[in-house]
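# Working through the structure, step by step
Here's the letter readout for the chains.
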Amino acid sequence: MYFYGTFPEDFTWGVSSSAHQIEGGWDADGKGPSIWDNFTHVPGNVNNNDTGDIACDSYNKVEEDIYMLRALGVKNYRFSLSWPRIFPTGRNNSINSYGVAYYNRLIDGLIANNITPIVTLYHWDLPQALQDIGGWESNELIDLFDSFADFCFQTFGDRVKFWITINEPNVISRLGYGNGLFPPNVKEPGSAPYRVAHILLKAHARVYHTYDDKYRASQGGVIALCPFISWAEPKTPSDPRDIEAADRYLQFLVGWFTHPIFKNGDYPEVMKWKVGNRSELQNLPSSRLPVFTAEEREYIRGTADVFCFNTYSAKIVSHSTTRLRPFSYEYDQEVSVTVDSSWPSSALSDHRPVAWGLRRVLNWIKEEYGNPPIYIIENGVGKKAKSDIDDNARIFYYKTYIDEALKAYKVDGVNLKGYNAWSLMDNFEWVDGYDPRFGLHQIDFDNPNRPRTPKRSAVYYAEIIRNNGRAHLHHHQL
Ligand code: NOJ
């Protein structure tokens, strides 16, 4: 059923992007290489051997990007800062003033047009120099990330009032260190993701406290992290074991990071129990899931001012009846679930739209974490098509997802504050290269000028924004 209504006046509509996916200029003006630059330069790693070397050339197109944002009428733009563009070696003894100037131009341009910047500090493009000392498997990264964040607060915080520390830490942990699909391509699903997540959580908390201690009083912004969430629907809703399995799936996927932050500084009980138990069956001396000290729990608890997340689709989950195999780190075995389709095998493409799943995710967050203010930071759909200017499927996607978000707000009382579409424009979709495409604007990647053209979905989204959630145009009428 379609629900007619509008969001509150102060609802914040936006679009999202990330540095490595749009900027290009991979070695321009002294930028250092990131792990993604190096990974994409090895033939065979990325679909079609695509790279982000030029991408949308946003490094040279601040004006063009702002033009699109103005045409959409967005209230905010969520983008990320490339750590190696600002600190080429990852450390604050190598500040690249050209990189700083680029982000100042972008931020000033946004402010001049009344567009609020939402800035991600880390969207996967780790400076290679820091990977060389162990990357996120090294505790040193906690200090180094903090020193980068501190510089960004000091440099941009007079104008940036909404910070995201880490984009999709759960995807980094699983795809970077579990199945090894993303750089640094570590394939140790039983242990490395847990170790890395432990460090990412500490790094996030450190940065939060730096903001709190040094900048909040004078700058007055908010800061959060941004996990990836897929709604998990129990296969047989009348079977309590499936309900439990679906919740267990969400705890392993999301609670992993948000339970410590929004609850008690510690991992979900079911994770501690499951991983601990399976480790014991393996005769390991301790759980593969690391343990926080009381001091660390106190330090991590409460380190997010708002609840941000990205979502694209949903999964059907049931209780696993396969024989317990403690030595299999296959994700479903570890969680004791069966999933209709397994963890995204290549990035996040070919997802089915399950709009009602968004309403359920929002209600789950509300119930689980006591109705925090929520921002949907990424939502959208990728299509395998070189040109999809007439993107009716994308319009359908946005129409139904935004309507379910509206129901969650109006009918269910979810404290939803904002909605961002992924993405402003077609861009580099990680290991999938330039196919599929998620943009509201089409980019012609064969043309060196990278011309930007609005798709029908851009016109539709602008209409939604103008009417604060209500779209008079129906997708089939466009
Ligand atoms: C997840 C990531 O944050 C973003 O970088 C990616 O392009 C989209 N979602 C779509 O897969």
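Just so you know, these numbers come straight off a predicted model, no measurement behind them.

### Some remarks on empty space enclosed by the protein
Tallying each qualifying case throughout the model produces six cavities of 30 Å³ or more. Its volume calculated, the second largest cavity comes out at about 90 Å³. Around the second largest cavity, the lining comprises 13 residues; the ones closest to its centre are Ile35, Tyr122, Trp124, Ile172 and Pro183. Broken down by secondary-structure element, the contributors of at least two residues to the lining of the second largest cavity are α2 (35–40) and α8 (169–177). Counted by class, the lining of the second largest cavity contains eleven nonpolar, two polar and no charged residues.

### Observations regarding the site of the ligand
Surveying the vicinity of the ligand reveals 13 residues, the closest of which are Gln21, His123, Glu378, Glu429 and Trp430. Within the side chain of Tyr312, a nitrogen or oxygen atom sits 3.0 Å from a nitrogen atom of the ligand. Relative to its unbound accessible surface of 290 Å², the ligand loses 100% to contact with the protein. The residue inventory of the shell around the ligand, partitioned by class, reads six nonpolar, four polar and three charged.

### Focus on the UniProt feature "active site" (unreviewed entry) in the chain
The residues that UniProt annotates with the feature "active site" (unreviewed entry) are Glu378. Turning to its location among the elements, Glu378 is positioned in strand β9 (residues 374–378). According to the relative accessible area criterion, Glu378 is buried, its value standing at 4%. Leave out the neighbours within four places in its chain, and Glu378 touches Ser16, Arg78, His123, Asn167, Glu168, Phe309, Asn310, Thr311, Tyr312, Asn420 and Trp422.

### Considering the packing of aromatic side chains
If you walk through the whole model with that rule in mind, you get 45 aromatic pairs. With a centroid separation of 5.9 Å and 35 degrees between ring planes, the pair formed by Phe7 and Tyr409 is classed as tilted. Note that Phe7 is positioned in the segment before β1 (12–16) and Tyr409 in helix α15 (residues 392–410), a separation of 402 residues in sequence. Look at Trp36 and Phe182: their rings are 5.1 Å apart centre to centre, the planes differ by 75 degrees, and that puts the pair in the edge-to-face class. You can see Trp36 sitting in helix α2 and its partner Phe182 sitting in the loop between α8 and α9 (192–219), a full 146 residues away along the chain. Residue Trp36 is classed as buried on the basis of its relative accessible area of 1%. Every member of this aromatic cluster is reached through a ring pair, and the members are Phe7, Phe11, Trp13, Tyr397, Tyr398, Tyr401, Tyr409, Tyr419 and Tyr461. Lys399 extends its terminal NZ or CZ atom over the ring of Tyr2, reaching a point 5.0 Å from the ring centre.

What counts and how
- Residues numbered from 1 in each chain as written.
- Predicted model: local features only at pLDDT ≥ 70, side-chain atom pairs only at ≥ 80, totals over all residues.
- Heavy atoms only, no water.
- 1 Å grid on protein atoms, 1.4 Å probe; cavity = no way out; pocket = protein on both sides within 12 Å on 5 of 7 lines; lining within 4 Å.
- Points joined across faces, edges and corners; volume = space filled by probe spheres on them.
- Helix = DSSP H or I, 4+ residues; strand = E, 2+ residues; numbered from the N terminus.
- Nonpolar A, V, L, I, M, F, W, Y, C, P; charged D, E, K, R; others polar.
- Near = heavy atom within 4 Å.
- Polar contact = N/O pair within 3.5 Å; in protein donor to acceptor, adjacent residues only side chain to side chain.
- Areas by Shrake-Rupley, 256 points an atom, 1.4 Å probe, with all protein chains shown as cover.
- UniProt positions renumbered as here; feature names shortened; annotations may be inferred.
- Buried < 20%, exposed > 50% of the residue type's maximum accessible area, 1.4 Å probe, protein only.
- Contact = heavy atoms within 4.5 Å.
- Phe/Tyr/Trp six-rings, centres within 6.5 Å; stacked < 30°, edge-to-face > 60°.
- Lys NZ or Arg CZ within 6 Å of the ring centre and 35° of its normal.

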